[in-house]
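One-letter residues, chain by chain:
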Amino acid sequence: MDIKKLERKAAEIRMTVIDMVYEAGTGHTGSSLSNTDILTVLFYEVMKNDPVNPNWEERDRYIQSKGHAVESYWAVLADKGYFPKEELKTFSKFNTRLIGHPNNKVPGVEMNTGALGHGLSISVGMALAAKMDHKDYRVFTLMGDGELAEGSVWEAAMAASQYKLDNLVGIVDRNRLQITGSTDDVMSNEPLDKKWESFGWDVIEVDGNDIAELVQVFHSIPKTEGKPTIILANTIKGKGISFAENEAGWHHHVPSQEEYELAMKELSKRLEVLA
């Protein structure tokens, strides 16, 4: 898919996210909007995946460790055809499969996540299994920058380096905001690049809301044989909705009717520009 089509797809996914949260009356809006471009590039351009055969043995594995930002994940899976788009209307409603965190009862979801700090450990196990089974699939895991305060992340980082898992790609959605404020104020993780380097990872920084840059970076890894890769994706919380961008209050914010209409108007204009 060319860059313009990917950018258009990301705008469509953002519209679906806003629809889902508004309809359900709950959701992690800002976090899902910040990671939308990353998920779009992974699922439509980079990863081997097959909605018709979601358990295809050679598929690349994706783990969304920052599980609370599930809305963009559900929107992408539905758009890809893993389940009917109509089911998105059930998000966070009684008896739905589409709960507020990834749920492996849904095709396309490898593992339940949401308890922060667990996704990278799961991904290390999957990547190590691929090595032991002589399989060439890769494992991608998306983490939040606030999540990096969890010690289990760094235990997993050590293990990935120890076992030379160059088939493992970690991504940090580095929007610098979490539910209680900025990551620097809550629990600073700087210098983040040096931390990952000291744990034996190749570090790549990227504009996580620039589709073209993301495509180039993902297609360039692994950089070094025998080393896992971490992509520090500098993103904007609430990306795509001007009045939500860089607003910590939009972490778990449900738009009012006026905000909903304004957001959809902005995204519709974005699609017109990309037509």
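Refer to the structure printed above.
Read on for a plain summary of the structure. Just so you know, these numbers come straight off a predicted model, no measurement behind them.

**Examining the overall build of the protein**
Next up, step 1: Across its full length, the protein carries nine helices and seven strands.
Next up, step 2: Relative to the globule expectation of 19 Å for 275 residues, the C-alpha radius of gyration of the protein, 18 Å, shows essentially globular dimensions.
Next up, step 3: Referenced to the eigenvectors of the C-alpha coordinate spread, the extents of the protein come out at roughly 50 × 45 × 40 Å.
Next up, step 4: With 275 residues in all, the protein has 52% of them scored as buried.
Next up, step 5: Accessible area of the protein: about 11,700 Å², with a carbon and sulfur share of 50%.
Next up, step 6: Placing the 30 positive and 42 negative side-chain charges of the protein at their respective mean positions leaves the two points 3 Å apart.

**A look at the packing of aromatic side chains**
Next up, step 1: All told, the structure shown has eleven aromatic pairs when counted by the stated rule.
Next up, step 2: Ring centres of phenylalanine 43 and tyrosine 73 lie 6.1 Å apart, and the angle between their planes is 45°; this geometry places the pair in the tilted category. With phenylalanine 43 in helix α2 (residues 29-46) and tyrosine 73 in helix α3 (residues 71-80), this pair connects stretches of sequence that are 30 residues apart. Each member of the pair, phenylalanine 43 as well as tyrosine 73, carries the same accessibility label: buried.
Next up, step 3: Ring centres of tryptophan 154 and phenylalanine 199 lie 5.0 Å apart, and the angle between their planes is 50°; on these two criteria the pair is classed as tilted. Here tryptophan 154, found in helix α5 (residues 151-162), pairs with phenylalanine 199, found in the loop between α7 (192-198) and β6 (202-207); they are 45 residues apart in sequence, far enough to count as distant.

**Remarks on the environment of arginine 59**
Next up, step 1: Summarising the element assignment, arginine 59 is placed in the loop between α2 and β1 (61-64).
Next up, step 2: Residues arginine 59 and lysine 239 lie 180 residues apart in sequence; the distance between their C-alpha atoms is 29 Å.
Next up, step 3: Excluding residues that lie within four positions of it along the chain, arginine 59 makes contacts with Lys48, Pro54, Glu110 and Tyr137.
Next up, step 4: A polar atom in the side chain of arginine 59 sits 3.3 Å from the backbone oxygen of proline 54.

Rules used in this analysis
- Residues numbered from 1 in each chain as written.
- Predicted model: local features only at pLDDT ≥ 70, side-chain atom pairs only at ≥ 80, totals over all residues.
- Heavy atoms only, no water.
- Helix = DSSP H or I, 4+ residues; strand = E, 2+ residues; numbered from the N terminus.
- Rg over C-alpha atoms; globule rule 2.2 N^0.38 Å.
- Buried < 20%, exposed > 50% of the residue type's maximum accessible area, 1.4 Å probe, protein only.
- Areas by Shrake-Rupley, 256 points an atom, 1.4 Å probe, with all protein chains shown as cover.
- Lys, Arg positive; Asp, Glu negative; His and termini not counted.
- Charge placed at Lys NZ, Arg CZ, Asp CG, Glu CD.
- Phe/Tyr/Trp six-rings, centres within 6.5 Å; stacked < 30°, edge-to-face > 60°.
- Contact = heavy atoms within 4.5 Å.
- Polar contact = N/O pair within 3.5 Å; in protein donor to acceptor, adjacent residues only side chain to side chain.

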